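# Topology and contacts: notes
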Amino acid sequence: MSAFSKKSEACLNTCHPDLQAVCRELIKQYDFAVLCGHRDKAEQNAAFDAGNSRLIYPQSKHNAKPSLAVDIAPYPIDWGNLYRFREMLHRFDALARMMRERGEIESEFEYGADWESFKDYPHVEIKTKE
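Description of the structure in this document. (Residues numbered from 1 in each chain as written. Predicted model: local features only at pLDDT ≥ 70, side-chain atom pairs only at ≥ 80, totals over all residues. Heavy atoms only, no water.)

## Re the pattern of salt bridges
- One pass over the full model with this rule turns up seven salt bridges.
- Salt-bridge contacts for Asp-71 lead to Arg-39; the nearest nitrogen and oxygen are separated by 3.1 Å. Placement of the pair is Asp-71 in strand 2 (residues 69-74) and Arg-39 in the loop between strand 1 (32-36) and helix 3 (41-49), with a sequence separation of 32 residues. Of the two residues examined, Asp-71 and Arg-39, each falls in the buried class. (Salt bridge = Lys/Arg side-chain N within 4 Å of Asp/Glu carboxyl O. Helix = DSSP H or I, 4+ residues; strand = E, 2+ residues; numbered from the N terminus. Buried < 20%, exposed > 50% of the residue type's maximum accessible area, 1.4 Å probe, protein only.)

## Some words on the nonpolar core
- By size, the foremost hydrophobic cluster in this structure holds 29 residues, and its most contacted members are Phe-32, Ile-72, Phe-92, Phe-109 and Val-124.
- Within the residue set of this core, elements represented by two or more residues are helix 1 (6-12), helix 2 (17-26), strand 1, strand 2, helix 4 (82-101), strand 3 (109-111) and strand 4 (123-126).
- For Phe-109, the contacting residues outside a window of four places in its chain are Asp-18, Leu-19, Val-22, Phe-92, Ala-96, Arg-100, Val-124, Glu-125, Ile-126 and Lys-127. (Core = buried A, V, L, I, M, F, W, Y, C linked by side-chain atoms within 4.5 Å. Contact = heavy atoms within 4.5 Å.)

## Focus on the packing of helix 2 against helix 4
- In contact at an axis separation of 10 Å, helix 2 and helix 4 are set at 115 degrees when each is read in the N-to-C sense. Regarding helix 2 and helix 4, the two cross each other, and that crossing is right-handed. Contact residues: Leu-19, Ala-21, Val-22, Cys-23, Glu-25 and Leu-26 in helix 2; Met-88, Arg-91, Phe-92, Leu-95, Ala-96 and Met-99 in helix 4.
- Counted by class, the contact of helix 2 with helix 4 contains 10 nonpolar, no polar and two charged residues. (Axes fitted to C-alpha atoms, helices over the stretch in contact; angles between N-to-C directions. Left-handed = near helix turned anticlockwise from the far one by under 90°. Nonpolar A, V, L, I, M, F, W, Y, C, P; charged D, E, K, R; others polar.)

## Digging into the pairing of strand 4
- In strand 4, alternate side chains face the same way, and those of His-123 and Glu-125 on one face and Val-124 and Ile-126 on the other are all buried.
- Two elements, strand 2 and strand 4, share three bridges in a ladder whose sense is antiparallel. The partner of Ala-69 across the bridge, within strand 4, is Glu-125.
- With three bridges joining them, strand 3 and strand 4 adopt antiparallel strand pairing. Its bridge partner being in strand 4, Phe-109 is matched across the sheet by Ile-126. (Pairing = 2+ DSSP bridges.)

Okay, here's the thing in structure tokens:
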């Protein structure tokens, strides 16, 4: 069984409890790294400047406390293998649906891989309730 590194654990601990719960279940069956949870102003604006985010501080869900977004990547990380990212997100989504049905979490999620204008394969965020 896979386990989080200290860095992944520290990043995950900055996230909303529902994101943490799904990630903690997923790591039991699929090895992945948590790249980012909460981002402060400097980190968010650096991500924007680098082209890794479309949003400046405080507009990203990463900027909330706890973070309403998490960036995850299949381990070992191969940025060119989008199949592995899709597989990981499919597993995340299936676990999230099951956990919601069992009453273990309440949130629904949106995936950056599904966005039309800006594909962000590592990004998972809690959907805003309308």
